[in-house]
Amino acid sequence: ILLFPFKDLSDFVSGQVSSLTQDAVSLQFEDISLGLFPIGVELSNVHIENRFTSPIRCDSVRVHPSLWSLLITKQPGGSVGISNFLGADIEASLSTGKKTQEGEATKAVKIEISHLALAKASEFAKLSTPLKGALDADAQGELDLTLKVQPDFDFNLKFKDFEVPQSNVATPMGPLVLPDL
């Protein structure tokens with residue numbers, strides 16, 4: 001394993017993603033590394049293009065599947081980390097949750113976003129009104145993967161130096177001027 005040419009996998013993986021998505025998604029990355037403890041994979045300098053959004057760039061993407069979930073419970077589980085996507089670090093995890101009153105198994109979901117640059121996010125989302133500042137967010141809750149039971153989540157959002165500059169919003173009666181916020 002130590003002598004395997006992991007750097008050569010970039011072109012192979014990129015070709016497979018393109019083929020499997022019928023050229024709808026293009027994935028490029030500089031390097032791939034595999035981890036044994038915990039088991040996982042990390043891609044560095046990731047660039048994704050698709051038909052639906054602006055190009056997606058980040059410093060790294062780490063994926064750590066939960067062997068316990070896969071082998072014992074035969075349910076998905078694990079964690080994902082993304083570094084420097086729109087200035088933010090994002091961590092998400094999926095693990096075994098509680099049983100619902102109806103007896104359905106749920107998954108515990110946790111998502112943390114640190115310092116999302118709102119200017120970059122508004123440009124990425126192609127918003128007509130640019131935003132300024134930063135956002136920290138976290139969400140956690142229980143999710144029934146069959147969607148038979150309503151999800152139960154708590155969300156926390158924290159804005160820092162939030163600003164909405166004066167802008168115009170198109171309406172059927174003409175532009176509506178929004179003041180600075």
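Below: a short report on this structure. Please read these numbers as outputs of a predicted model, since none were measured by experiment. (Residues numbered from 1 in each chain as written. Predicted model: local features only at pLDDT ≥ 70, side-chain atom pairs only at ≥ 80, totals over all residues. Heavy atoms only, no water.)

### Here's the deal with the side chain of Thr-106
For step 1, the next point in the chain: If you trace the backbone, Thr-106 turns up in strand β7 (residues 105-117).
For step 2, the next point in the chain: A polar atom in the side chain of Thr-106 sits 2.5 Å from the backbone oxygen of Lys-98.
For step 3, the next point in the chain: Within the structure, the side chain of Thr-106 is placed 2.6 Å from the side chain of Glu-142, a separation counted as a polar contact.
For step 4, the next point in the chain: The contacts of Thr-106, once residues within four sequence positions are left out, are Ser-95, Thr-96, Gly-97, Lys-98, Thr-100, Glu-142, Leu-143 and Asp-144. (Helix = DSSP H or I, 4+ residues; strand = E, 2+ residues; numbered from the N terminus. Polar contact = N/O pair within 3.5 Å; in protein donor to acceptor, adjacent residues only side chain to side chain. Contact = heavy atoms within 4.5 Å.)

### Things to note about helix α1 (residues 9-20)
For step 1, the next point in the chain: Its 12 residues place the ends of α1 16 Å apart at the C-alpha level, agreeing with the 16 Å of an ideal helix rising 1.5 Å per residue.
For step 2, the next point in the chain: Of the positions making up α1, those classed as buried are Ser-10, Ser-14 and Ser-18. Down the axis of α1, the buried set is contained in an arc of 60 degrees. They therefore lie on one face. Of the residues in α1, the exposed ones pointing more than 90 degrees away from the buried face are Phe-12, Ser-19 and Leu-20.
For step 3, the next point in the chain: The elements touched by buried residues of α1 are β1 (25-28).
For step 4, the next point in the chain: At the exit of α1 stands Gln-22, carrying a positive phi of roughly 55 degrees. (Expected span 1.5 Å × (residues − 1). Buried < 20%, exposed > 50% of the residue type's maximum accessible area, 1.4 Å probe, protein only. Arc of directions from axis to C-beta.)

### Points about the pairing of strand β6 (residues 88-99)
For step 1, the next point in the chain: For strand β5 (residues 78-85) and β6, the ladder comprises 6 bridges, and the chain directions are antiparallel. Its bridge partner being in β6, Ser-79 is matched across the sheet by Ser-93.
For step 2, the next point in the chain: As paired elements, β6 and β7 share 9 bridges and run antiparallel to each other. Bridge pairing in β7 places Lys-99 opposite Ala-105.
For step 3, the next point in the chain: Remark: 5 residues form the turn of the hairpin made by β6 and β7, two consecutive strands paired antiparallel; Gly-103 in that turn has positive phi of roughly 90 degrees. (Pairing = 2+ DSSP bridges.)

### Overview of the pattern of salt bridges
For step 1, the next point in the chain: Under the criterion given, the structure shown has 2 salt bridges.
For step 2, the next point in the chain: Of the charged contacts, one joins Glu-91 and Arg-62 as a salt bridge, the two residues approaching to 2.5 Å between their closest N and O atoms. Of the two residues, Glu-91 sits in strand β6 while Arg-62 sits in strand β4 (residues 56-65), which places them 29 residues apart along the sequence.
For step 3, the next point in the chain: Accessibility expressed as a relative area gives 34% for Glu-91, which makes it partly exposed. (Salt bridge = Lys/Arg side-chain N within 4 Å of Asp/Glu carboxyl O.)

### Comments concerning the pairing of β7
For step 1, the next point in the chain: For β7 and strand β8 (residues 132-143), the ladder comprises 9 bridges, and the chain directions are antiparallel. Bridge pairing in β8 places Leu-116 opposite Leu-135.

### Points about the nonpolar core
Grouped burial of nonpolar side chains is what soluble globular proteins tend to show.
For step 1, the next point in the chain: Grouped together as the largest cluster of nonpolar side chains are 16 residues, with contacts concentrated most on Phe-29, Val-46 and Leu-116.
For step 2, the next point in the chain: Counting only elements with at least two residues in this core, the list comes to β3 (39-50), β4, β6, α3 (118-124) and β8.
For step 3, the next point in the chain: Contact partners of Val-46, with chain neighbours within four places excluded, come to Leu-27, Gln-28, Phe-29, Ile-56, Arg-57, Cys-58, Asp-59 and Val-61. (Core = buried A, V, L, I, M, F, W, Y, C linked by side-chain atoms within 4.5 Å.)

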